[in-house]
Amino acid sequence: MLSRVANSIYWMSRYVERAESVARFIEVTLNFILDQPDHDVEQWEPLVRATGDEEYFNEHYGAYTAANVQQFLTFDTDYHSSVRTSISNARENARTVCEAISSEAWEQLNSFYHFVRAAERSPQQPPNAGFYDDVVQHSYHLGGILDATMTRDTGWNFANAGRFLERADKTSRILDVKYFTLLRNVSDMNTTFDDLLWSSVLRSVSSFEMFRKRYHTLTVERIVDFLILDSKFPRAVRYSLQQARHSLSEVDGPVAEFQNEAILQTDALLDRLDATSARQIIDGGMHEFVDSLQHSLNMIGEAVHETYFALKAFPATQSQSQMQTQS
Amino acid sequence: MPGLTFKNYQTDNFYDELFYPEGIPRPGAELLVDAIDQLPASELRLRQEAISRALLRMGITFTVYGDESGTEKIFPFDVIPRVVEAIEWNHIEAGLKQRIKALNLFIDDIYHDQNIVKDGVLPAEILKKAKSFRPQCVGVNPPKGIWCHITGTDLIRHTDGAIYVLEDNLRCPSGVSYVLQNRMIMKRSFPQIFADSKVRPVVGYATQLYATLAHLCPNDVADPTIVVLTPGIYNSAYYEHSFLAQQMGVALVQGEDLVVQDDFVYMRTTHGFQQVDVIYRRIDDDFMDPKAFRKDSMLGVPGLMQAYRNGRVALANAPGTGVADDKVIYAYVPDMIKYYLNEVPGLPNVQTYVCDRPDDRAYVLEHLDELVVKAANEAGGYGMLIGPHSTKEEQGKFAELIKADPRNYVAQPTLALSRVPTVVGDHFEGRHVDLRPYILYGKTPWVLPGGLTRVALKKGSLVVNSSQGGGSKDTWVIGHPGTEVEPQEATV
């Protein structure tokens with residue numbers, strides 16, 4: 001597969017996952033607010049903090065009102081990670097690689113785009129929870145179509161790697177921010193916390209029911225274990241990394257696997273997670289852990305780029321072997 | 001509100017493709033007309049709207065220039081097809097095959113011995129001043145001796161009922177993706193009418209195109225690597241480039257994806273560099289290779305022409321074919337058919353006055369108010385004078401242009417293109433159409449049974465270009481009586 005095309009598919013998938021994550025965060029927040037009319041905890045600020053782009057927000061919006069935060073995260077065309085920007089980027093990427101993905105996938109992403117554009121023009125602003133739920137459904141639909149219509153070849157594997165690397169990033173980010181915010185309101189980390197608060201964390205990564213099946217009762221340690229270290233839950237960081245790792249090794253880059261920097265980096269991070277417990281993460285400082293996790297994820301992203309997409313110079317060896325075959 | 005029906009439809013003294021002047025359907029159109037007249041009142045409009053939505057969902061759109069919010073529009077598509085009966089199609093198909101054979105022999109001749117000039121059939125002066133002649137192609141022997149692999153020839157029907165060739169498009173003719181997608185959508189919308197009418201399928205185009213390209217492979221490989229080369233996403237035909245690559249299952253590449261090394265062409269893949277054997281290029285000659293053509297081109301591949309000349313890679317269409325798109329050289333195609341094939345042209349040219357010939361020039365200068373004057377190397381309606389719609393001042397300006405550079409101008413009578421009923425609000429009106437069939441030339445010439453019917457949607461307009469209010473229609477070539485199934489296998 002062309003490096004340029006692989007790059008576009010990888011980012012198409014990342015952008016869609018990003019839009020889905022943002023929409024889910026907002027939808028959960030909207031629902032959470034409805035559940036506690038008297039609650040004075042500021043719910044919108046953490047969402048902006050989860051993006052890591054507070055500076056941009058403060059400059060352009062100021063107050064953390066529902067309308068401001070929703071506009072920022074949903075339709076701001078100048079903000080690089082809004083739902084609108086992400087879906088436009090995903091769709092633009094898909095358009096350049098239409099021939100490399102299934103037409104069903106292209107049509108779905110195109111419908112997704114037109115759906116977001118129609119909501120943007122709708123007089124009802126900010127949009128209600130139904131809109132964000134639809135965004136999530138559109139994203140699921142696309143994921144399902146990709147899985148159901150594409151050969152597990154290079155293209156699909158890059159889509160899959162992009163999807164899961166983005167997901168690992170977003171799950172860790174929301175955990176970081178929610179954890180930090182919520183801890184301000186609790187005194188004892190080892191007791192069962194306010195179900196509502198923590199279940200909102202879990203719901204924002206669609207994991208509430210799966211968590212209940214696994215653990216039944218909520219503790220911080222269990223939540224950290226489930227969202228970071230679980231190897232079976234599809235939104236957990238570790239599961240996501242395993243998926244990305246599998247897809248990258250399926251692609252089988254230009255160099256042997258043991259030399260492939262992207263895979264080496266992913267393995268190193270997986271090794272670290274293997275050697276870590278939820279207790280250790282909490283004791284060592286949740287925020288520090290997530291910080292270092294995100295740093296590793298960025299390194300993997302860069303390694304993926306260098307390994308597969310940045311092929312530029314014609315290697316001298318290939319030129320020589322070509323000369324030999326000619327003679 | 002009355003439903004859409006043909007009951008009050010008027011042909012207004014134009015040749016109508018579906019109806020005789022008395023309002024009786026032509027052969028081949030009866031079933032279609034019956035079926036549409038029997039649809040419930042609002043049904044046709046609902047189907048037309050469903051088709052527009054499908055086109056939007058499929059992303060078959062173009063961006064409206066100057067609109068900041070990036071509004072996208074679909075190319076207007078009208079549900080009433082143009083119908084071509086079997087016997088007439090046979091005539092068109094034979095004429096096109098003959099024409100493409102002669103054009104191919106012509107291009108090969110002028111880049112080699114130029115016998116047609118030596119024998120006095122084409123004046124030397126005309127060839128010498130052909131802007132699209134490419135000196136870089138002199139002496140080149142394209143794989144299998146074929147230059148024009150993909151051609152879209154524009155045909156029109158005049159009031160006399162005959163089909164004429166308006167122009168040949170031998171560079172990068174576009175539009176075939178609309179033919180295929182329009183058909184797919186029409187089949188969904190009117191399945192029963194299709195089944196009854198014995199419409200010949202167009203679905204085999206991608207297979208034929210692939211076979212045509214594979215036939216050109218210059219390298220000794222079992223499974224050639226074929227790519228479609230596009231200028232990129234901002235090209236107006238990008239959708240088509242991507243569609244064709246997808247339908248053939250080949251890579252769609254941009255200049256930056258390719259590299260030439262030791263005269264071989266490679267593409268940059270996630271697995272390193274992979275050799276490319278055949279390139280269906282949708283980039284004009286000028287932009288293909290900055291080393292051989294325009295040095296400022298960022299779209300092309302440096303060294304591509306050298307690789308091509310040395311027979312390491314095949315290019316379709318071959319560079320240099322555009323010389324036969326020159327509107328003056330077009331005037332000589334009937335002579336070419338006689339010269340190379342010793343045959344009578346099956347499809348006549350539109351009567352063309354070549355201003356380089358003194359008699360023709362004198363006639364043109366006297367009749368500027370009646371004729372359409374065209375510059376030899378302009379396209380898309382540029383450099384044109386439409387006599388009956390022009391002012392004395394414009395005519396004067398063109399008279400000067402013609403006198404200054406007679407080689408650069410031809411003139412043709414103003415034609416009354418035939419019409420096809422078209423949905424206009426709550427009723428049908430006749431709208432002028434042309435027809436672009438597609439010819440592939442691999443082992444032998446092959447003509448897609450159908451083609452792009454472009455329709456001038458504005459009342460009375462003769463301009464079918466999409467940029468000027470044109471739309472498209474499906475083209476139904478009716479099967480021969482008794483032929484139920486036809487082979488879709490490639491002919492290579």
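Just so it is clear, the structure is predicted and the values come from calculations on it, not from any experiment. (Residues numbered from 1 in each chain as written. Chains lettered and ligands numbered in written order. Predicted model: local features only at pLDDT ≥ 70, side-chain atom pairs only at ≥ 80, totals over all residues. Heavy atoms only, no water.)

**A short note on the sheet that holds strand β16 (residues 409-413) of chain B**
Residue and element names in this part refer to chain B.
At step 1: Sheet architecture is open: 4 strands sit in the order β13-β16-β14-β15, paired in antiparallel fashion. Of all strands in the sheet, those bounded by a partner on one side alone are β13 (353-354) and β15 (384-386).
At step 2: Most of the contacts of helix α15 (residues 392-404) go to β15, to which it runs at about 135°, and overall it touches β14 (371-375), β15 and β16. (Pairing = 2+ DSSP bridges. Helix = DSSP H or I, 4+ residues; strand = E, 2+ residues; numbered from the N terminus. Contact = heavy atoms within 4.5 Å. Axes fitted to C-alpha atoms, helices over the stretch in contact; angles between N-to-C directions.)

**Section: the pairing of strand β19 (residues 438-441) of chain B**
Residue and element names in this part refer to chain B.
At step 1: The alternating pattern of β19 places Tyr 438 and Leu 440 and Ile 439 and Tyr 441 on opposite faces, both of which are buried.
At step 2: Inspection of the sheet shows strand β4 (residues 150-157) paired to β19 by 3 bridges, in the antiparallel sense. Bridge assignment links Ile 150 to a residue of β19, and that residue is Leu 440.
At step 3: Note that β19 and strand β20 (residues 445-447) share 3 bridges and pair antiparallel. (Buried < 20%, exposed > 50% of the residue type's maximum accessible area, 1.4 Å probe, protein only.)

**Some thoughts on the packing of helix α1 (residues 3-35) of chain A against helix α15 (residues 286-309) of chain A**
Packed helix pairs are specified by the crossing angle of their axes together with the interaxial distance, meaning the distance between the axes.
All names here are of chain A.
At step 1: Between α1 and α15, the least distance of the axes is 9 Å, while the angle of their chain directions is 155°. What the angle tells us is that α1 and α15 run roughly antiparallel. The residues of α15 that touch α1, namely those facing Ser 3, Ala 6, Asn 7 and Tyr 10, are Gly 301, Val 304, Tyr 308 and Phe 309.
At step 2: Across the contact of α1 with α15, the residue classes tally to 5 nonpolar, 3 polar and no charged. (Parallel < 35°, antiparallel > 145°, perpendicular 65-115°, else oblique. Nonpolar A, V, L, I, M, F, W, Y, C, P; charged D, E, K, R; others polar.)

**Considering the domain arrangement of chain A**
All names here are of chain A.
At step 1: Split into domains, chain A comes out as domain 1 (1-150) and domain 2 (152-309).
At step 2: Its C-alpha centre places domain 1 at a distance of 20 Å from the equivalent point of domain 2.
At step 3: With 31 residues of domain 1 in contact, the opposing surface of domain 2 contributes 32 residues.
At step 4: Interface area for domain 1 against domain 2, summed over the two sides, is near 3000 Å², with a carbon-plus-sulfur share of 61%.
At step 5: Linking domain 1 with domain 2 are 6 salt bridges, by the criterion used here.
At step 6: Taken together, domain 1 and domain 2 are joined by 13 residue pairs in polar contact (both at pLDDT 80 or more). (Domains from an automatic or database assignment. Buried area = accessible area lost by both parts, 1.4 Å probe. Salt bridge = Lys/Arg side-chain N within 4 Å of Asp/Glu carboxyl O. Polar contact = N/O pair within 3.5 Å; in protein donor to acceptor, adjacent residues only side chain to side chain.)

**So, helix α7 (residues 129-149) of chain A**
At step 1: Spanning 21 residues, α7 of chain A covers 30 Å between terminal C-alpha atoms, matching the ideal 30 Å at 1.5 Å per step.
At step 2: Taken together, the buried positions of α7 of chain A are occupied by Phe 131, Tyr 132, Val 135, Val 136, His 138, Ser 139, Leu 142, Gly 143, Ile 145 and Leu 146 of chain A. (Expected span 1.5 Å × (residues − 1).)

**Here we look at the nonpolar core**
At step 1: Ranked by internal contacts, the top residues of the largest apolar core, which has 172 residues, are Ile 228 of chain A together with Ile 279 of chain B.
At step 2: The element contributing the most residues to this core is α1 of chain A, with 13 residues.
At step 3: Viewed by domain, this core spans two of them, domain 1 (1-150) and domain 2 (152-309) of chain A, each represented by three or more residues.
At step 4: Not counting chain neighbours up to four residues away, the residues in contact with Ile 279 of chain B comprise Val 227, Leu 229, Leu 258, Val 265, Leu 304, Val 313, Ala 314, Leu 315 and Ala 316 of chain B.
At step 5: In terms of nonpolar packing, the next biggest core, distinct from the first, is built from 66 residues, Ala 316, Val 433, Tyr 438 and Val 455 of chain B among them. (Core = buried A, V, L, I, M, F, W, Y, C linked by side-chain atoms within 4.5 Å.)

**Brief notes about the interface of chain B and chain A**
At step 1: On the side of chain A, 39 residues touch chain B, which itself brings 34 residues to the contact.
At step 2: In terms of surface lost to chain A, no three residues of chain B exceed Arg 268, Thr 270 and Phe 273 of chain B, which account for 22% of the buried area on that side.
At step 3: Across the contact surface, chain B and chain A share 2 salt bridges.
At step 4: Between Asp 257 of chain B and Arg 4 of chain A there is a salt bridge, with the nearest N and O atoms lying 2.5 Å from each other.
At step 5: Joining chain B to chain A, the criterion identifies 14 residue pairs in polar contact (both at pLDDT 80 or more).

**Structural notes on the pairing of strand β10 (residues 272-276) of chain B**
At step 1: For strand β9 (residues 264-269) of chain B and β10 of chain B, the ladder comprises 5 bridges, and the chain directions are antiparallel. Within the sheet, the bridge partner assigned to Met 267 of chain B lies in β10 of chain B and is Gln 274 of chain B.

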